[in-house]
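Each chain, letter by letter, is given below.
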Amino acid sequence: EISAYLKKFDEAEALYREIDRKDLAIELRNRIGDYSRVVQLLQTGGGTDAVIAKAWDRIGLHFFERCKWKKAVHSFTQANNYEKLADCYFRMGDYEKLATLPGAIPDGSPLLPNLAGLFECVGMADEAVECYLRSNDPKSAVDCCVNLNRWDKALSLAEQYDFPQVEGLLQRLASELIQKDRQLEAVDLFRRANKP
């Protein structure tokens, strides 16, 4: 404790290990925020999975705050922190890896609607719809399809989950296009909605 007070952390850790108190060495490194050393100590034995995950999470947050996304991804993967992992992939523009995340997340998780919102804002309708449906929110899935102009999927989901107002919305949008003398766009709209 005196060595730790005098900021001789390596010496304090060596003393703790010498008296076979690795748990105190880990606690010391946790207290001073040296999480990479915590992980090193834990990998040589001792500590629970939760403690290891927490240390990896702290390392990931360190890199995340410094905008070092690739290093943060590695740490968040070790910590199974899918929320931050999704944020990193989104900021890196790696949408392929972002699309793999929902498979690792259980149905009904509060993270699924957040992922759906990320997919929706980059135009990945199929992935967004899957997340909305897995989070038990078919109305948001239909709205997403309408916003992204995926009328065929919107109408099939509306029919499957009994949302009759989507058909009226399609008709109203087509009428507005025809009134503005944009018949070809109206035809394309009906084609995409699979309404010959």
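For the structure itself, consult the block above.
Procedures and definitions
Within each chain, residue numbers correspond to sequence positions counted from 1 in written order. In keeping with the model being predicted, local features are shown solely for residues with a pLDDT of at least 70 and side-chain atom pairs are shown and tallied solely at 80 or more, while totals for entire chains, interfaces and linings include all residues. Computation of side-chain values: all heavy atoms of the structure, hydrogens and water removed. Strands are runs of DSSP state E lasting at least two residues, helices are runs of H or I lasting at least four, and both sets are numbered from the N terminus onward. For this measure, only C-alpha atoms enter the radius of gyration; the expected value for a globule follows 2.2 Å times N^0.38, where N is the number of residues. Remark: exposure states derive from per-residue accessible area (1.4 Å probe, protein chains only) relative to the maximum for the residue type, with buried under 20%, exposed over 50%, and partly exposed in between. The contact criterion used is simple: two residues touch if any of their non-hydrogen atoms lie within 4.5 Å. Note on areas: Shrake-Rupley with a 1.4 Å probe; residue coverage comes only from the protein chains shown. Only four residue types enter the tally: Lys and Arg on the positive side, Asp and Glu on the negative side; His and the chain ends are excluded. Where a charge lies is defined by one atom per residue type: Lys uses NZ, Arg uses CZ, Asp uses CG and Glu uses CD. For our purposes a nonpolar core is just a set of buried Ala, Val, Leu, Ile, Met, Phe, Trp, Tyr and Cys residues, chained together by side-chain atoms within 4.5 Å. Read the arc as the range of directions from the helix axis to the C-beta atoms. We call Phe, Tyr and Trp rings a pair once their centres come within 6.5 Å, taking the six-membered ring for Trp, and we label the pair stacked below 30 degrees between planes, edge-to-face above 60, and tilted otherwise.

> I tried to follow the overall build of the chain on my own but got confused; where do I start?
On a plain count of helices and strands, the chain comes out with 14 helices and zero strands. Along the chain direction, N to C, the helices and strands of the chain fall in the order α-α-α-α-α-α-α-α-α-α-α-α-α-α. Since a compact globule built from 196 residues should have a radius of gyration of about 16 Å, the 26 Å found for the chain marks it as more spread out than a globular shape. Principal-axis analysis of the C-alpha atoms places the extent of the chain at approximately 85 × 30 × 20 Å. Across the 196 residues that make up the chain, the buried fraction comes to 35%. Taking as baseline every contact in the chain between residues at least 6 positions apart, the subset at least 24 positions apart corresponds to 27%. When the accessible surface of the chain is totalled, it reaches about 11,800 Å², and 50% of it is carbon and sulfur. For the chain, the centre of its 27 positive side-chain charges and the centre of its 31 negative side-chain charges are spaced 6 Å apart.

> When you look at the nonpolar core in this model, what are you seeing that I'm missing?
Core analysis: the biggest nonpolar cluster contains 55 residues, and C88, L98, L101, L115, F119 and V166 have the highest contact counts within it. Sequence-distant contacts of L98, defined by excluding residues within four places in its chain, comprise A86, Y89, F90, L115, L118 and F119.

> Looking at this structure, how should I read unusual backbone geometry?
Comment: phi is negative for the bulk of residues other than glycine, and the bulk of peptide bonds are trans. Its identity as a non-glycine residue notwithstanding, N80 has a phi of 55°, on the positive side. The phi angle at N149 is positive, at roughly 65°, despite the residue not being glycine. Tracing the backbone through its elements, the reader meets N149 in the loop between α11 (138-147) and α12 (151-160).

> Got a minute to help me understand α12 in this structure?
Residue pairs three or four apart in sequence face the same way in an α-helix, which turns once every 3.6 residues. Those residues of α12 lying buried are W151, A154, L155, L157 and A158. Down the axis of α12, the buried side of the element spans an arc of 165°, and every buried residue falls inside it. Turned more than 90 degrees off the buried face of α12, the exposed positions are E159 and Q160. Along its buried surface, α12 packs onto α10 (125-134), α11, α13 (165-179) and α14 (183-192). Just downstream of α12, D162 is the residue with a positive phi angle, here 60°.

> Explain the packing of aromatic side chains to me, please; I cannot follow it from the model alone.
One pair of aromatic rings is described through two measures. These are the centre distance and the angle between the planes. In this structure the tally under the stated criterion is three aromatic pairs. Plain terms: the ring middles of F64 and F76 are 6.3 Å apart, the flat faces sit at 65° to each other, and that makes the pair edge-to-face. On the criterion of sequence distance, the pair formed by F64 in helix α5 (residues 49-65) and F76 in helix α6 (residues 69-79) is long-range, its members being 12 residues apart. On the basis of relative accessibility, which here comes to 0%, the residue F76 falls in the buried class. Ring pairs connect the aromatic residues F64, W69 and F76, which therefore count as one cluster.

> When you look at the environment of I59 in this model, what are you seeing that I'm missing?
As for its placement among the helices and strands, I59 is situated in helix α5. Distance from I59 to K195, taken between C-alpha atoms, is 53 Å for residues 136 residues apart in sequence. Residues within four places of I59 in sequence aside, it is in contact with Y35, S36, V39 and S75.

> I tried to follow the environment of K68 on my own but got confused; where do I start?
Residue position: K68 is located in the loop between α5 and α6. A C-alpha to C-alpha distance of 9.0 Å links K68 and C88, two positions 20 residues apart in sequence.

Just geometry here; none of it tells us what the structure is for.
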